[in-house]
Amino acid sequence: MSLSGTLTLQPTLPPLAEGNRLRLFSGSSNTPLAKEVARYLGMDLGPMVRKQFADGELYIQIQESIRGCDVYLIQPTCPPVNANLVELLIMIDACRRASARQITAVIPYYGYARADRKTAGRESITAKLVANLITEAGANRVLAMDLHSAQIQGYFDIPFDHVYGSPVILDYLASKQLSDIVVVSPDVGGVARARAFAKKLDDAPLAIIDKRRQAHNVAEVMNVIGDVEGKTAVLVDDMIDTAGTITAGAKVLRQEGARQVYACATHAVFSPPAVERLSSGLFEEVIVTNTIPVPEDRCFEQLKVLSVANLLGETIWRIHEDSSVSSMFR
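Quick look at the structure, then. (Residues numbered from 1 in each chain as written. Predicted model: local features only at pLDDT ≥ 70, side-chain atom pairs only at ≥ 80, totals over all residues. Heavy atoms only, no water.)

1. Quick word on unusual backbone geometry
Then comes step 1: P80 follows P79 through a cis peptide bond whose omega is -5 degrees.
Then comes step 2: Relative to the elements of secondary structure, P80 occurs in the loop between β5 (70–74) and α2 (81–97).
Then comes step 3: Although it is not a glycine, F270 sits at a positive phi angle of roughly 55 degrees.
Then comes step 4: Mapped onto the fold, F270 is located in the loop between β13 (260–268) and α7 (274–278).
Then comes step 5: Take F270: its relative accessible area is 2%, and that puts it in the buried class. (Helix = DSSP H or I, 4+ residues; strand = E, 2+ residues; numbered from the N terminus. Buried < 20%, exposed > 50% of the residue type's maximum accessible area, 1.4 Å probe, protein only.)

Set out below in C-alpha cells:
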C-alpha cells in the first residue's frame with residue numbers, strides 16, 4: 001500500500017494574512033488528512049482539547065478565540081460512526097457558543113448515507129436525521145465528498161457544497177497509461193457516476209453489472225451489460241464496505257473475458273471481510289482515497305491510497321473567498 005497525492009493543483013491562495021479570519025480544526029477521526037489540508041492552506045490546525053470521561057462522554061474545548069471567524073471543522077463520520085458523529089456535533093456546538101461567524105462542517109465521508117429513503121414500512125431515513133442533527137447543532141454550511149446519493153444535499157436547509165474525489169483517481173489512472181479501458185458500474189444505481197467517470201476518461205465505453213441484492217451486504221451478480229472481453233475493466237463506486245458487490249462484479253468481469261480489473265472508490269470503509277476479498281487476486285489494483293484513514297492491518301499489496309487533501313484545501317479556500325467551487329470539476 002502506498003499513499004500519494006497525485007492531483008496537482010495550482011494554489012490560488014496568497015499567504016494567510018495576520019488578520020485572516022479562517023480557522024481550521026480537526027476532530028479525531030482523520031487527523032492526518034486534516035494536517036495535510038492545513039499544510040496546503042499554509043496554516044496550522046487550531047488548538048483544541050478533547051477529553052473523554054470515564055463513562056465515555058466527550059468533552060471538547062476550543063483553545064483560541066474564534067469570535068467572528070469562519071471556522072472549518074474536518075471530521076469524516078467514518079467508523080466508529082456514532083462516536084465520530086457525536087464528536088462533530090459537540091465541536092459545532094462549541095464553536096457556535098464561542099461566537100464563530102460561520103461554521104462549516106467538512107465531512108469527507110458522510111456516514112448514515114445509505115438509508116436515504118424508505119424502501120419498506122417503519123424504516124428510518126437516517127441520512128435526513130443526520131442532516132437535521134448537524135443543522136440543529138449550529139452548522140451554517142456543509143462540505144462533503146462523494147455522497148452515496150446526490151439527493152442528500154436536499155436534506156439540508158443550509159448551503160451544501162458537494163465535491164468529488166474522481167479528479168484525483170482520474171489523474172492517477174491517466175499516469176498509468178492503460179489501454180482498451182471500459183468503465184463498469186457495479187450496479188444499476190451507480191450508472192450516472194460511472195457515466196460521468198467514463199466521459200472524463202477520454203469518453204471510454206460503459207458497461208453495467210446487473211445485480212440482485214438478497215440482503216444487506218450480500219450481492220448476487222447476474223450478468224454484464226456491455227462488452228468487456230479483452231479490455232481493462234475499471235469498476236467505479238463511491239465506497240467499498242465489505243467489498244461483496246465489487247468482488248462479485250470482478251468475478252463476473254473475469255468470466256466475461258476482461259483482461260485486467262481495477263477497482264476505484266472514494267471511500268475505503270473496509271469492513272470485514274473486505275481485505276480478504278480485495279486481496280484475493282481478482283484485482284490488479286484497488287484505488288481509494290484517504291477520506292477515511294486506512295489502518296495498517298487493513299492494507300494489502302494491491303491497495304493504492306490517494307490523497308484528497310489538496311482538493312479539500314482548495315475547496316475550503318474558494319468557499320472562504322466566495323469563489324466558484326464547481327469550476328474545479330469542469
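2. Looking at the pairing of strand β7 (residues 141–145)
Then comes step 1: Counting buried residues along β7, 5 of its 5 residues qualify, which places the element largely inside the surrounding structure.
Then comes step 2: Of the two faces of β7, the one carrying R141, L143 and M145 and the one carrying V142 and A144 are both buried.
Then comes step 3: Alignment of strand β6 (residues 102–107) against β7, held across 4 bridges, turns out to be parallel. Its bridge partner being in β7, T104 is matched across the sheet by R141. (Pairing = 2+ DSSP bridges.)

3. Focus on the side chain of T289
Then comes step 1: With respect to the element layout, T289 can be found in strand β14 (residues 285–289).
Then comes step 2: Polar side-chain contacts of T289 include one of 2.6 Å to the backbone oxygen of T266.
Then comes step 3: Among residues more than four places away in sequence, those in contact with T289 are I169, A265, T266, V305, L306 and V308. (Polar contact = N/O pair within 3.5 Å; in protein donor to acceptor, adjacent residues only side chain to side chain. Contact = heavy atoms within 4.5 Å.)

4. As for the sheet that holds β5
The strands making up a sheet associate through hydrogen bonds between their backbones, and the pairing can be parallel or antiparallel.
Then comes step 1: If you walk across this open sheet you meet the 5 strands as β2-β5-β6-β7-β8, and the pairing is parallel. In this open sheet, the two strands that pair with only one neighbour each are β2 (22–26) and β8 (160–163). Averaged over all pairs of adjacent strands, the angle between their axes in this sheet comes to 15 degrees, without regard to strand direction.
Then comes step 2: Looking at chain direction, β2 and β5 are connected through 5 bridges and run parallel. From the neighbouring strand, L22 faces β5, where its bridge partner is D70.
Then comes step 3: Contacting β2, β5 and β6, α2 runs over the sheet at an angle of about 165 degrees to β6. (Axes fitted to C-alpha atoms, helices over the stretch in contact; angles between N-to-C directions.)

5. Details of the packing of aromatic side chains
Then comes step 1: Enumeration over the complete set of coordinates arrives at 5 aromatic pairs.
Then comes step 2: Seen in terms of ring centroids, F156 and F160 are 5.0 Å apart; in terms of plane orientation they differ by 50 degrees. Their pairing is tilted. No difference in accessibility class separates F156 from F160, as the two residues are buried.
Then comes step 3: Relative to F329, the ring of Y164 has its centre 5.5 Å away and its plane inclined at 85 degrees; by these criteria the two rings are edge-to-face. Remark: F329 occurs in the segment after α8 (309–320) and Y164 occurs in the loop between β8 and α4 (166–176); sequence separation between them is 165 residues.
Then comes step 4: Given a relative accessible area of 34%, Y164 falls into the partly exposed group.
Then comes step 5: By way of ring pairs, the aromatic residues Y110, F156 and F160 are connected into one cluster. (Phe/Tyr/Trp six-rings, centres within 6.5 Å; stacked < 30°, edge-to-face > 60°.)

That is the geometry; function is a separate question.
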